[in-house]
Every structure is written in C-alpha cells, then in structure tokens.
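The chain contents come next:
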Amino acid sequence: NTAPKALTAQEKLLNDELKKLRFSRHVSAFDIDLNALEDHPWRNKNVDLLDYFNYGFNERTWMQYCEKQLRLRAKLGFGPHTANTPAPSTTTTTAINAV
C-alpha cells in the first residue's frame, strides 16, 4: 500500500515551515514535497530504492537533505522571494559563486 503515512504534529509543523521555503514556479528536486504526492511507489514491497533515490538516500534521508538545502538556500537569500524577503543582492551572489 502506498497511502501517505499519518504525520505527527511535529512533522506537520516542519512540513508547513518547509512549504514556505519551496519555490512554486521554478521547481527543483528540493521543492517537491514527497508527503503531498498521491503515490509513493518506493514504499511498495520488493521495490529497489535505487529506482527512486540516488547516492544511498531513502525517503527519510532525502527529506532531511532537502530540509538542509532549503534552509541553506533561504539563509543565503536564494529561496522564494516575497515582499518580506527580497531577491538576493549581487554581493550575495558573488560570494556564493566564489565558494
């Protein structure tokens, strides 16, 4: 069965927080909310996770990695831009490109 698992209260809060960090227009792999997908075929028995996740990730570790990347992207000014979070300055962009 690939029905979504019930989220704990803490997972729901984290999920809501991460939604604010995701892009809605220019989407990367980090912007896809696995919990929001209708189907989760990697949860089926006898499925090779390598068909769905690379580099040794599984659903849990991928979501942890996405959270880290979304938070880093937001901290560096590369998350979704709203009136409260302006687009990154060229100084920020230059600093990131230099890394």
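Within every chain, residues take consecutive numbers counted from 1 along the sequence as written. Where local features are concerned, this predicted model is filtered to residues with pLDDT of at least 70; where side-chain atom pairs are given and counted, the filter is 80 or more; whole-chain, interface and lining totals use all residues. By convention in this description, side-chain values take in all heavy atoms of the structure and omit both hydrogens and water.

## Section: the overall build of the protein
Helix numbers and strand numbers start at the N terminus; a helix is a DSSP run of H or I with at least 4 residues, a strand a run of E with at least 2. The secondary structure content of the protein amounts to 3 helices and 0 strands. Sequence-ordered secondary structure for the protein, helices as α and strands as β, is α-α-α. When a residue's accessible area, from a 1.4 Å probe over protein chains only, is under 20% of the maximum for its type it is buried; when over 50% it is exposed; and in between it is partly exposed. By residue count, 21% of the 99 residues in the protein fall in the buried class. Once local pairs closer than 6 in sequence are excluded, the contacts in the protein between residues at least 24 apart make up 55%. The contact criterion used is simple: two residues touch if any of their non-hydrogen atoms lie within 4.5 Å.

## Details of helix α2 (residues 59–75)
Side chains three or four residues apart in an α-helix point the same way, a direct result of the helix having 3.6 residues per turn. What a helix should span is 1.5 Å times the count of its residues minus one. Here α2 spans 24 Å end to end across 17 residues, near enough to the 24 Å set by a 1.5 Å rise per residue. Two N or O atoms count as a polar contact when they lie within 3.5 Å, although within protein this holds only if one can serve as hydrogen donor and the other as acceptor, and sequence-adjacent residues are included solely when both atoms are side-chain atoms. Residue asparagine 58 occupies the N-cap position of α2, its side-chain oxygen lying 3.0 Å from the main-chain nitrogen of arginine 60. Count one or two residues on from α2 and you reach glycine 77, which has phi positive near 90 degrees.

## Observations concerning the confidence of the model for the protein
Close inspection of predicted coordinates is inappropriate in any region flagged by low pLDDT. Every residue is assigned a pLDDT by the predictor, reflecting its confidence on a scale from 0 to 100. Put simply, the protein has an average pLDDT of 74, and 65% of its residues get 70 or more. Segment residues 83–99 is flagged for pLDDT under 50; beyond a separation of four residues in sequence, or across chains, it makes 12 contacts in the model.

## Examining the nonpolar core
Here the nonpolar core consists of buried residues drawn from Ala, Val, Leu, Ile, Met, Phe, Trp, Tyr and Cys, with membership extended through side-chain atoms lying within 4.5 Å. Counting 6 residues, the largest nonpolar core consists of Leu34, Trp42, Phe53, Phe57, Trp62 and Cys66. In this structure tryptophan 42 touches Leu34, Leu37, Val47, Leu49, Tyr52, Phe53 and Glu59, once residues within four positions along its chain are discounted.

## A short note on the packing of aromatic side chains
Aromatic contacts are taken between Phe, Tyr and Trp rings whose centres are within 6.5 Å, Trp giving its six-membered ring; a plane angle under 30 degrees counts as stacked, one over 60 as edge-to-face, and the others as tilted. Counted by the stated rule, this structure contains 7 aromatic pairs. Ring centres 5.6 Å apart and planes at 80 degrees place the aromatic pair tryptophan 42 and phenylalanine 53 in the edge-to-face group. Of this pair, tryptophan 42 sits in the loop between α1 (9–19) and α2 while phenylalanine 53 sits in the loop between α1 and α2, placing them 11 residues apart in sequence. The pair tryptophan 42 / phenylalanine 53 is uniform in exposure class, with both members buried. Each ring, one from phenylalanine 57 and one from tryptophan 62, has its centre 5.4 Å from the other, and the planes form 80 degrees; the classification is edge-to-face. Residue tryptophan 62 is classed as buried on the basis of its relative accessible area, which comes to 17%.

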